[in-house]
Amino acid sequence: MTHRRSFLVVALAGLLGVAVACRTTPEAPSPRAAIDRDLLDVTVPRLHRLYAEKTYTVTKVVQWHVDRIDRYNGVYGAIETVFRREALAQAAREDAEAAKGGGARGSLWGVPIVIKANTSVKGHVTTAGWEGFRREGHELVAPQDATIVAKFKAAGAIIVGLANMPDLANSDTNRSSSFGRTGNAYDVRFSPGGSSGGIVTAIAANMAVLGNGTDTGNSIRMPAATSALVGVFPTRGLVSIAGIAPLDWLLDNTGPIARTATDAAIALAVMAGEDPLDPRTAGWPDAAQRAPYEPYLKADALKGKRFGVPAFILAGDGIPFHGVPVSVREAAADKLRAAANTPLRPETREMFMKAVEALRAAGAEVVMDDGILPASFAKTASRVATYAYLQDGTNRFLAAFGPAEYHSAAEYLKVVGTPLFPSSIGAEDTFRHLGGVRIDQRSLDTDPDAERTYHAPRRAMLSAYLEPLDRLKLDGYVYPAIQMPPPDETMPQDGHVSGGPHSATSWVNMIGVPAVVVPAGFYASGLPFGLEFSARPWTDGDLLGIAYAWEQATRLRKPPTLVEQGLLPVTPARESRAGQVAGRD
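Rules of the game
- Every chain is numbered on its own, with residues counted from 1 as its sequence reads.
- Since the coordinates come from a predicted model, pLDDT governs what is reported: local features require at least 70, and pairs of side-chain atoms require 80 or more to be given and counted, while whole-chain, interface and lining totals use all residues.
- The side-chain quantities take in all heavy atoms of the structure and omit both hydrogens and water.
- Under the scheme used here, helices are H or I runs from DSSP no shorter than 4 residues and strands are E runs no shorter than 2 residues, and both carry numbers assigned from the N terminus.
- All radius of gyration figures rest on C-alpha atoms, and the globule criterion is 2.2 Å times the number of residues raised to 0.38.
- Each residue's exposure class comes from its accessible area (1.4 Å probe, protein chains only) as a fraction of the maximum for that residue type: buried when under 20%, exposed when over 50%, partly exposed otherwise.
- We call two residues contacting when some pair of their heavy atoms lies within 4.5 Å.
- Any pair of Phe, Tyr and Trp rings, taking the six-membered ring for Trp, is counted once the centres come within 6.5 Å. Such a pair is stacked with planes under 30 degrees apart, edge-to-face with planes over 60 apart, and tilted for the rest.
- Whether a charge sits over a ring comes down to the Lys NZ or Arg CZ being within 6 Å of the ring centre and within 35 degrees of the ring normal.
- Between any two strands, at least two bridges found by DSSP are needed for them to pair.

*Asks:* Talk me through the overall build of the chain; I want residue IDs and the actual numbers.
*Replies:* Counting its secondary structure elements, the chain contains 21 helices and 15 strands. For the chain, whose C-alpha radius of gyration is 25 Å, the value lies close to the compact-globule estimate of 25 Å for 585 residues. In terms of overall dimensions, the chain has a C-alpha envelope of 95 × 60 × 55 Å along the principal axes. In the chain, which comprises 585 residues, the share counted as buried stands at 58%. Considering only intrachain contacts with a sequence separation of at least 6, the fraction spanning at least 24 residues in the chain is 78%.

*Asks:* Explain the packing of aromatic side chains residue by residue, including any values.
*Replies:* All told, the structure shown has 20 aromatic pairs when counted by the stated rule. Ring geometry for Phe312 against Phe377: centres 5.5 Å apart, planes inclined by 45°, an arrangement best described as tilted. With Phe312 in helix H10 (residues 311-315) and Phe377 in helix H13 (residues 375-381), the pair connects residues that are 65 residues apart, well separated along the chain. The residues Phe312 and Phe377 share a single accessibility class, namely buried. Of the aromatic side chains, those joined through ring pairs into one cluster are Phe312, Phe377, Tyr465, Tyr477, Tyr479 and Trp507. Directly above the aromatic system of Phe233 lies the positively charged group of Arg221, at a separation of 5.1 Å from the ring centroid. When the ring centre of Phe522 is taken as origin, the NZ or CZ atom of Lys558, which lies over that ring, is 4.8 Å away.

*Asks:* Explain the pairing of strand S14 (residues 515-522) residue by residue, including any values.
*Replies:* A large share of S14 lies buried, amounting to eight of its eight residues. Across three bridges, the pairing between strand S7 (residues 230-233) and S14 is antiparallel. Looking at the pairing, Phe233 lines up with Ala515 of S14. Across six bridges, S14 lies against strand S15 (residues 528-534) in antiparallel orientation. Each bridged residue has a counterpart across the sheet, and for Val518 the counterpart in S15 is Leu531.

See the structure below:
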């Protein structure tokens, strides 16, 4: 009876509690729910308003993002090195400045960002995803910040960590020997693309507000497309690449990745500028569109615009990575081009055609014609050859950003006893024995063949790119950012583990014209589809305006639903470093 009486008392109390709850006003949201609501997918302008209203301190905002990393990084593998203590200390300094009524704040003041692991941050190991730069006793500890990192810091941004990436950025997916695999924020089983896969997963998962990607053949734009983000490939020369470990320095670029066009525009304005450490940033033309870029962001920017669709992309015509030297005979070059073909998948074509209709509905004209960048353009682009100069770029990087014990590929070999990663020194047999021709490494500045191999073909390619823009009075080109949906990495694709997804956009790097990727809907699987625009050199502001107008007209982005347990095991590389990563900084 005692047990029964106790049960009745408890039950009655429970019913009374329910009755009271039904008659009273619902409880106010918990502080945790409120901050989640405010900071999930927060934009830079919105975050600055929250600071101005004293809703949150910088410390609270940074702690919230670090907590997200702690909660989800074990599953998604987005961030290789967490700057926990460093980021919170910087946040405390910014809060102290605010309390004193400090002076002018930078445009990224109090904004948590993530930096790609090939980008030098003073005092930290620049792994570039490769275990060889983390070798005990020979770590590549950055002696100074990369130029863009110094600019981010000066603007008040707070770096919460270094994002995972494939070894020396040499992959279309995101598996590294230094840290393991990164999963897609929209479905962890699927690829986020490479080599900025860690960056896009971190931003889509709200581990940071924005970050820098790097791009040698598609590595800002393709990952942004897999993750419903805005990815900007600036005109080459607008932003310095000094301090970024190269894959192919003649093709490399860096730019912002963000959740909105506005945030991307703010970040690009911080990153842009001439730099004596990067000669290609010197001597901007008078017509170059300069920061700030926010005035270009107009909701009606698509009205009256004319875009052409590159025929060679829809046909899947290939352009071999690093190009084919003119010394390779035409028949052999044709075979190499055919081997690089990447067909456009039917489901991707369908998504692209929906995007074309949305562009037309927003007031733009889209011209589809077989004469717009046809197969002959891909053939011209294929002759821009850069592989012979890979080690030259690596030596230039190590000379200024290497550790005390090695400042060149030769010194690394001597000190460590093993060579650098093959792609960074031009030692890949696939590329150095091409079409029956051996490609030896040389310096661009002293190579007598540089004009014939690189400079002249590049000018011819740029001319071919501009010709339809002039002839048809086009404002730019539009095309799918990737030739296929992100692949499932839990099972073989076409008989082997996926190395993709793959794009047909490496030609943008060869001529260095600006391009931007925007979210453009979702496949039936729930994975994102991305649309890419490119335009004339130095029209980066106009391109951001197009991205903004598309965003406002379509509102197609939606955030991912994250999981706290993954279907894939933690990789050995990540497992072995879990303890030290958790305690770092």
